[in-house]
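Summary of the model geometry
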Amino acid sequence: MSANIQCKIQGSVAPGFESVKQLYEHNMRHLAEKATQLCIYHEGEKVVDLWATTEKEADFSPDNLINVFSSGKSLTAIAMATLVGKGLLNYDDKITQHWPEFGGAGKDELSVCDLMRHEAGLAAFNQSIKPEDLLTENIKTNVIGKLIEGHAQKFRKGDGRAREYHAVTRGWIANEIFRRVDPKDRTISEFLQEDISDPLEVDVVIGVKKDELNRVKKISTLGLGFILLESLKPKFRRKTEFNIFQILRKVISMLFIVRKSTTIGSPPPFKGMKKIEFFNDPKVVMGETPSANANCSARGLAKIAAMMAAGGTWDEKEYFSSEAWAALHEGP
């Protein structure tokens, strides 16, 4: 970090976890960080609660919400598992058992576990979604469901494998299944708020309300030119983690996967999306994209993780049944 940019680190760690704080401070002062949060529970106790800001992000706090992208997939998995735990859904069920119209275009044999394992053949849709169609009230008009119902599957050629990362689409499809099975006709966002976030008193949200948008901090990415330039520098001067050789090795390994991807040539997930910062658009933030736009605080996400690590119980209250826990873990 440039010497003229000041970094302020706040919070606390429990005895025995001082080295975590030291590493956190090192990364904030030497890497290209602007504002971060770190929270860790160990054996039911919060042992790390840190946040850091630069002078350019002086108003950042541990209560700000940040898009955690694919960590939302874990929240989606929790939501689906609660239905299984209640006997309302089985992972081996054909999706059409709960959503008959889903079988259009030859998808009638697809199971819930196929979807959750990223083997649905729906890694990308053939049209971009309007962000406003993902608002909770609009999802319930089946505008997204109808698109999925008529969509055909598409699998990668040449390797004989069905598995392909459904980066954004898995959450949209799971949400449609969830709201049809949930006895209260709730979306994953509504379930998460009512059954997990509010009772646990945590800031973990899919679909931020308009009056809470001021709590969301925009994400920003490092430019490719900046990354490449930094990667050429010796480690003690780099503001990024990897050197040029490590980056090239990662890029080359990814190219072998990407060249067979069904997402190549597909439209972007959202209408109007040109780069990742599109996730900062308020219309996207307020919508439900469970696989990619959960907005959380580190404190909130860590507490849910601690509850799950404790078998679904927190402060002697069960949030996640033993049946759901067993089902979630027995079929990798």
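Rules used in this analysis
- Residues numbered from 1 in each chain as written.
- Predicted model: local features only at pLDDT ≥ 70, side-chain atom pairs only at ≥ 80, totals over all residues.
- Heavy atoms only, no water.
- Helix = DSSP H or I, 4+ residues; strand = E, 2+ residues; numbered from the N terminus.
- Buried < 20%, exposed > 50% of the residue type's maximum accessible area, 1.4 Å probe, protein only.
- Salt bridge = Lys/Arg side-chain N within 4 Å of Asp/Glu carboxyl O.
- Axes fitted to C-alpha atoms, helices over the stretch in contact; angles between N-to-C directions.
- Parallel < 35°, antiparallel > 145°, perpendicular 65-115°, else oblique.
- Left-handed = near helix turned anticlockwise from the far one by under 90°.
- Contact = heavy atoms within 4.5 Å.
- Nonpolar A, V, L, I, M, F, W, Y, C, P; charged D, E, K, R; others polar.
- Pairing = 2+ DSSP bridges.

Residue Ala105 is not a glycine yet carries a positive backbone phi of 60°. Mapping Ala105 onto the fold places it in the loop between helix H2 (72-85) and helix H3 (112-116). What makes Ala105 partly exposed here is its relative accessible area of 47%. Positioned with a positive phi, Asp185 is a non-glycine residue whose angle comes to about 60°. With respect to the helices and strands, the residue Asp185 is situated in the loop between helix H6 (169-181) and helix H7 (188-200). Here Asp185 falls in the partly exposed class, since its relative accessible area comes to 48%.

As a further point, take the pattern of salt bridges. Tallied over the entire structure, the rule returns 16 salt bridges. Between Asp49 and Arg299 there is a salt bridge whose closest N-O contact spans 2.9 Å. One end of the pair, Asp49, is in strand S3 (residues 45-54); the other, Arg299, is in helix H11 (residues 298-309), and 250 residues separate them in sequence. Ionic pairing is found between Lys233 and Glu230, a salt bridge with its closest N-O pair at 2.8 Å. Judged by its relative accessible area of 24%, Lys233 is partly exposed. According to the relative accessible area criterion, Glu230 is buried, its value standing at 3%. Where salt bridges share partners, they join Lys46, Asp49, Asp63 and Arg299 into one cluster.

The next thing to look at is the packing of H2 against H6. Relative to each other, H2 and H6 sit at 25°, their axes nearing to 10 Å. Classed by the angle they form, the pair H2 and H6 counts as roughly parallel. Seen along the crossing, H2 lies across H6 with a hand that is left-handed. Two secondary-structure elements touch here, H2 through Lys73, Thr76, Ala79, Met80, Thr82 and Leu83 and H6 through Arg170, Ala174, Ile177, Phe178 and Val181. Class assignment of the residues belonging to the contact of H2 with H6 gives a composition of seven nonpolar, two polar and two charged.

Bringing the sheet that holds strand S1 (residues 7-13) into the picture now. Strand order in this open sheet of three strands is S1-S3-S2, and the pairing throughout is antiparallel. Two strands close off the open sheet at either side, each with one partner strand: S1 and strand S2 (35-42). Averaged over all adjacent pairs, the angle separating strand axes in this sheet is 5°, with direction ignored. Bridge count between S2 and S3: eight bridges; the pairing is antiparallel. Looking at the pairing, His42 lines up with Glu45 of S3. Sheet contacts for helix H1 (residues 18-30): S1, S2 and S3; angle to S1, the most-contacted strand, approximately 165°. The strands touched by H11 within the sheet are S2 and S3, with S2 carrying the most contacts at an inclination of about 25°.

Without other data, these values stay purely geometric and don't point to any function.
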